[in-house]
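Here is how the chains run, residue by residue.
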Amino acid sequence: MRDRARLLVLDDVDALAREAASEFRRLAASAVASRGRFAVALAGGSTPRRLYALLSDPSAPFQEEVPWNDVHFFWSDERCVPPDDPRSNYRMAREEMLDRVPVAPENVHRIEADRPDAAGAAADYERELRRVLAVPESEIPRLDLALLGMGADGHTASLFPGSEALEIRDRLVAAPWVETLRARRVTLTLPIFDRAAAVVFLVAGTDKAQTLRAVWDPSAPPGAFPCQRVRPIDGELIWLVDRPAASLLEPR
């Protein structure tokens, strides 16, 4: 992990959000200049919420500097709830950012995880990814940015410890049952994260400190936690963490 990733420790969650917004702006400008499009998979959770609010804040510099018309929004995972449910990752991103910036509705690609057939929704979302990114079934689409978090158990997106979804290599989207939550989720799988041009983890809070220390322990076996198994093949891997989350890390 240490030799493949860039780790930045920020003073607090607000500083983390500012750094993440700067990365978002940098990667968006580069992708649009190179390919005319910026494809990003959004994460859920409280830390990304601050990022989205900052990106859409008219008093901050980011709203006017991101090429919103050329951004395509996907999601790293979604709960199996309606899009207006308070638990919906889509709803959170829409309320905090998408409703406040000039993005075209056709550039917002929601996971229809509220459908009765979650596996069918996962298969359709893979087709949507391939359609928008113009990639045939024989290839893996390349996201310009995948935003991810890390749970206290080391999960990321909806890839939880022990999940069979961690072993999937022939599908880009899955609908695993998460036993600890007694619920089903729809999630992108490791192959598409590993193909991304950039993966940015956002980690905040003292409840993450023990796990973050284990994740970054050079003597620990690799891949013990789902988040460790995200390894972009030829892309950037960036961990943005606040000081409380990093409180148990060894000096680097």
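Residues numbered from 1 in each chain as written. Predicted model: local features only at pLDDT ≥ 70, side-chain atom pairs only at ≥ 80, totals over all residues. Heavy atoms only, no water.

Peer 1: Sorry, what's going on with the nonpolar core here?
Peer 2: Counting 90 residues, the largest nonpolar core has Phe38, Phe73, Leu143, Leu147 and Trp239 as its most contacted members. The biggest single contributor to this core is helix α1 (residues 13–35), with eleven residues. In this structure phenylalanine 73 touches Phe24, Val40, Leu42, Trp68, Met97, Leu98, Val103, Asn107, Val108 and His109, once residues within four positions along its chain are discounted. (Core = buried A, V, L, I, M, F, W, Y, C linked by side-chain atoms within 4.5 Å. Buried < 20%, exposed > 50% of the residue type's maximum accessible area, 1.4 Å probe, protein only. Helix = DSSP H or I, 4+ residues; strand = E, 2+ residues; numbered from the N terminus. Contact = heavy atoms within 4.5 Å.)

Peer 1: Can you walk me through the packing of aromatic side chains in this structure?
Peer 2: In this description, an aromatic ring pair is defined by two values, namely the gap between the centres and the angle between the planes. Enumeration over the complete set of coordinates arrives at seven aromatic pairs. Taking the centre distance of 5.3 Å and the plane angle of 85° together, the rings of phenylalanine 24 and phenylalanine 38 count as edge-to-face. One end of the pair, phenylalanine 24, is in helix α1; the other, phenylalanine 38, is in strand β2 (residues 38–42), and 14 residues separate them in sequence. Taken together, a centroid distance of 6.1 Å and an interplanar angle of 85° make the contact between tryptophan 216 and tryptophan 239 edge-to-face. (Phe/Tyr/Trp six-rings, centres within 6.5 Å; stacked < 30°, edge-to-face > 60°.)

Peer 1: Looking at this structure, I do not really get unusual backbone geometry. What am I missing?
Peer 2: Note on backbone geometry: most residues besides glycine have negative phi, and most peptide bonds are trans. Phi at alanine 134 is positive, roughly 55°, even though this residue is not glycine. Within the secondary structure, alanine 134 is located in the loop between α5 (118–133) and β5 (145–149). Residue alanine 134 is classed as exposed on the basis of its relative accessible area, which comes to 65%. Its identity as a non-glycine residue notwithstanding, alanine 157 has a phi of 50°, on the positive side. The exposure class assigned to alanine 157 is buried, which follows from its relative accessible area of 12%.

Peer 1: What is the right way to read the packing of α1 against helix α2 (residues 46–55) from this model?
Peer 2: Packed helices, taken two at a time, are described by the angle between their axes plus the distance between the axes. Contact pair α1 / α2: the axes reach a minimum separation of 9 Å and the direction vectors enclose 60°. One way to sum up the angle between α1 and α2 is to call them oblique. The two elements α1 and α2 meet at a crossing, and its hand is right-handed. In this structure, α1 contributes Val13, Asp14, Leu16, Ala17, Arg18, Ala20, Ala21 and Phe24 to the contact, and α2 contributes Thr47, Arg50, Leu51, Leu54 and Leu55. Among the residues forming the contact of α1 with α2, the class breakdown is nine nonpolar, one polar and three charged. (Axes fitted to C-alpha atoms, helices over the stretch in contact; angles between N-to-C directions. Parallel < 35°, antiparallel > 145°, perpendicular 65-115°, else oblique. Left-handed = near helix turned anticlockwise from the far one by under 90°. Nonpolar A, V, L, I, M, F, W, Y, C, P; charged D, E, K, R; others polar.)

Peer 1: When you look at the side chain of asparagine 107 in this model, what are you seeing that I'm missing?
Peer 2: Looking at the secondary structure, you find asparagine 107 in the loop between α4 (89–96) and α5. Under the relative-accessibility criterion, asparagine 107 is labelled buried at 8%. A distance of 3.2 Å separates a polar atom in the side chain of asparagine 107 from the backbone oxygen of valine 71. Leave out the neighbours within four places in its chain, and asparagine 107 touches Asn69, Val71, His72 and Phe73. (Polar contact = N/O pair within 3.5 Å; in protein donor to acceptor, adjacent residues only side chain to side chain.)

Peer 1: What should I look at first to understand the pattern of salt bridges in this one?
Peer 2: Any two side chains of opposite charge can pair if their charged atoms end up close together. Taken as a whole, this structure holds 24 salt bridges when the rule is applied. With a closest N to O distance of 3.8 Å, arginine 6 and glutamate 236 form a salt bridge. Of this pair, arginine 6 sits in strand β1 (residues 6–10) while glutamate 236 sits in strand β10 (residues 236–242), and the two are 230 residues apart along the sequence. For arginine 6, a relative accessible area of 35% translates into the label partly exposed. The exposure class assigned to glutamate 236 is partly exposed, which follows from its relative accessible area of 29%. Among the salt bridges present, the one from arginine 182 reaches glutamate 179, with a minimum N-O distance of 2.4 Å. Among the residues examined, arginine 182 registers a relative accessible area of 55% and is labelled exposed. Glutamate 179 gets classed as partly exposed once you look at its relative accessible area, which sits at 48%. Through salt bridges with shared partners, a single network forms among Arg6, Glu23, Arg26 and Glu236. (Salt bridge = Lys/Arg side-chain N within 4 Å of Asp/Glu carboxyl O.)

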